[in-house]
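Structural overview for review
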Amino acid sequence: RDRLPSVKQKTVAAEEELVSKPSPMGSMNSLRVSSDKVEEKLEEKIVTDVGSTTIMAEGSRSDELRNQWMHKDPVPKTDDPLTIVLVSSEVAPWSKTGGLGDVAGALPGAFATRGHRTMVIAPRYLNGTKNDALYEDVKFTGKSITVWLAGSEVTVGLYHIFKDGVDFVFVDHPAYHREGGPYGNAYGAFGDNLFRFSLLSLVACEVPLQLELGGYNYGDKCVFMANDWHSSLLCVYIASKYRPYGVYKDARTVLCIHNMAHHGTEPASLFSSLSLPDDWYGAVEWIFPEHMRAHELDKGEAVNPLKGALVTCDRILTVSQGYAYEITTAEGAFGLDGLTRGRQHVLNGIVNGVDIDEWNPATDEHFPDHYWPGNMAPKAECKRKLQIELGLKPDPDVPLIGFIGRLDFQKGGDLIQDAVNSHGLLDQDIQVVMLGSGDPDFEDWMKMCEELNEDKFRGWRGFSVPVAHRIIAGCDIILMPSRFEPCGLNQLYAMRYGTVPVAHATGGLKDTIEDFNPYAHEMSGAGTGLTFSPFSAEAMMGSLNQAVDVYMHHKDQWQGIQQRAMDQDFSWQRSAAQYEQVFRWSMMDRPYA
């Protein structure tokens, strides 16, 4: 626009000169373009050029921000590689019921990227469903291993696939071939789970010694990582059956607790089936408190695999620092707090990571409207399409609140139920969607709630990965009212997608969510979500109401929460570096048992 006056003067002068000259065609007055129209045309041209330049600049800036979001720093290779053997009852994508499967499927790849030789050992489940096809590329090694267990010789086959730099070894036995999931079916938990997972643990001790992969075996100088009670007997077997004979004297065992609520406890009469030396009964001995016994003559005697690991492993890990503290309390340890407090000096917590390629709002395959920091406008379109998919009124101004999880005691769905029934949650101008399955009574309540609040509530019974992705992307708020949460993943997914978590301040939720403070940093704000405590509907409603108020009336603060949440590093490489440090600490110390 600054050059418009001079251009106009030159154009008018040229016009006057042209008009003053006679023309063989007659008067040129009829062809003269007024100076006003010239100015108008020039203004349109310059504005168009400026607009195009602005659009190009904005597009270039958006591409630059996307490249920054997608950038991954090079992973440093270690100069002193470890040999790591992770043993788990489930490993994604082959078998998964929760966070354990995700850890076993993703963390080993991060170890391998850092230069460590890494193996995962898990059962080969076949249940006659489409999931069996996941094992098509897993090939039989030609190697079988025979162990003494439950009073007889038990032979298993070993299957193998090399993926993402990791040796995945699957233990094949008829006990893993049955209808249902890894631990049970519609009728409850399998009655022989102690046998199934003691077999996994004992075979896992033999695999590094007997199975050659890439021309040589893993050997007996390695770090075993046992996960939850299912593979916890590995720690007891190493201490009782191998180290006394000079085998695995240079190996270390690390127990990782993902959920302390499950111990794998069975009657003491089954001790003889574990193939442990008689003088090691005390390691797994467990006496139930009187109030938990079946009758007056019940002595409460049992075997407890998780307890056995706690008293024999070299280090203990949990999946968050907050949960590491909670399992030392009477409420969080479920009767094992005396042991965990006694070993606090070797107890650490490391927050899980997430697969930043699968959970990436800039490339997510489950919705087309991709976004990233600096280009958040498509998130509003994700919300609009989700509202339409759910049959709710598309309204960008109404906060959309989501819940994803099992409908059980731990996940705190009853707190949402209480908030709806007694605290007027749905009396507000909000929309709520719940995705999950579990307690039949709670599923029925969701159905009834939807019928009574068709314009505000949707309950999706079951689970769908694509729907979960769209809820994470389309919602404004993710609600996580868990009673206890060792780590939690949905809050990590939500923050990566710019969806604000509102959660109970417990375990990993407290560790990963920085509570919103609008007055921090000279009123520019701080925090990546909102938490509440104590565990009550009143406290939850207080934090949820604050979140709704910020969303509706303080957009700049809301955008700040989103930006800070998306800036967090929850990659597996961050977690792997911390695991590696704990493994090295274990190798520095003498074996504990």
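Now for a quick tour of the structure. (Residues numbered from 1 in each chain as written. Predicted model: local features only at pLDDT ≥ 70, side-chain atom pairs only at ≥ 80, totals over all residues. Heavy atoms only, no water.)

We now examine the sheet that holds strand S4 (residues 152-163). Within a sheet, neighbouring strands are paired by backbone hydrogen bonds and run either parallel or antiparallel to one another. Taken in spatial order, the nine strands make up an open sheet running S3-S4-S5-S2-S1-S8-S9-S13-S14, and their pairing is mixed. For this open sheet the edge positions go to strand S3 (139-149) and strand S14 (347-349), each flanked by a neighbour on one side alone. Taken over all neighbouring pairs, the strand axes of this sheet differ in orientation by 25° on average, direction set aside. Summarising the sheet, strand S2 (residues 117-123) and strand S5 (residues 166-172) pair through five bridges and their orientation is parallel. What sits directly across from Pro123, in S5, is Val171. (Pairing = 2+ DSSP bridges. Helix = DSSP H or I, 4+ residues; strand = E, 2+ residues; numbered from the N terminus. Axes fitted to C-alpha atoms, helices over the stretch in contact; angles between N-to-C directions.)

As summarised here, the arrangement of the six strands in space is S17-S16-S15-S18-S19-S20, forming an open sheet in which the pairing is parallel. One side of each edge strand has no neighbouring strand; the edge strands of this open sheet are strand S17 (457-461) and strand S20 (530-532). With strand direction ignored, the average angle separating the axes of adjacent strands in the sheet is 20°. For strand S15 (residues 400-404) and strand S18 (residues 477-480), the ladder comprises two bridges, and the chain directions are parallel. Bridge pairing in S18 places Ile401 opposite Ile477.

Let's shift gears to the packing of aromatic side chains. In the structure shown here, the tally under the stated rule is 21 aromatic pairs. Between Trp286 and Phe288, the aromatic rings sit 6.4 Å apart at their centres with planes inclined by 80°, giving edge-to-face as the arrangement. Look at Trp286 and you get buried, because its relative accessible area is 14%. Through a chain of ring-to-ring contacts, three or more aromatic side chains come together here, namely Trp94, Tyr135, Phe168 and Phe170. Looking at Arg343, its charged tip hangs above the ring of Tyr592, at a distance of 3.6 Å from the centre. Note that Arg483 overlies the ring of Phe409, its terminal NZ or CZ placed 4.0 Å from the centroid. (Phe/Tyr/Trp six-rings, centres within 6.5 Å; stacked < 30°, edge-to-face > 60°. Buried < 20%, exposed > 50% of the residue type's maximum accessible area, 1.4 Å probe, protein only. Lys NZ or Arg CZ within 6 Å of the ring centre and 35° of its normal.)

Once that is clear, we can look at the pairing of S5. Burial runs high along S5: seven of the seven residues are buried. Taken together, S4 and the strand that follows it, S5, pair antiparallel across an intervening segment of two residues, in which Asp164 is found at a positive phi of about 55°.

Another aspect to go through is the pattern of salt bridges. For the structure shown, the criterion picks out 18 salt bridges. Linking Arg470 and Glu389 is a salt bridge whose minimum nitrogen-to-oxygen distance equals 3.0 Å. In this pair, Arg470 sits in helix H14 (residues 465-474) while Glu389 sits in helix H11 (residues 377-390), placing the two residues 81 residues apart along the sequence. With a relative accessible area of 36%, Glu389 lands in the partly exposed category. (Salt bridge = Lys/Arg side-chain N within 4 Å of Asp/Glu carboxyl O.)

Inspection of the entire model under this criterion finds one cavity of 30 Å³ or more. Roughly 40 Å³ of volume is contained in the largest cavity. Around the largest cavity, the lining residues are Ile401, Gly402, Phe403, Ile416, Leu425, Val432, Met434 and Leu479. Elements with a contribution of two residues or more to the lining of the largest cavity: S15 and strand S16 (431-436). (1 Å grid on protein atoms, 1.4 Å probe; cavity = no way out; pocket = protein on both sides within 12 Å on 5 of 7 lines; lining within 4 Å. Points joined across faces, edges and corners; volume = space filled by probe spheres on them.)

Moving on, we get to the nonpolar core. In this structure, Ile121, Leu158, Phe170, Val207, Met260, Tyr579 and Phe583 are the most contacted members of the largest nonpolar core, which totals 94 residues. A per-element tally of this core places helix H4 (residues 193-210) first, with nine residues. Aside from chain neighbours lying at most four places away, what touches Met260 is Leu306, Leu310, Tyr323, Ile327, Gly332, Ala333, Phe334, Leu336 and Thr340. Of all hydrophobic cores here, the second largest spans 36 residues; its members include Ala362, Leu435, Val467 and Leu509. (Core = buried A, V, L, I, M, F, W, Y, C linked by side-chain atoms within 4.5 Å. Contact = heavy atoms within 4.5 Å.)

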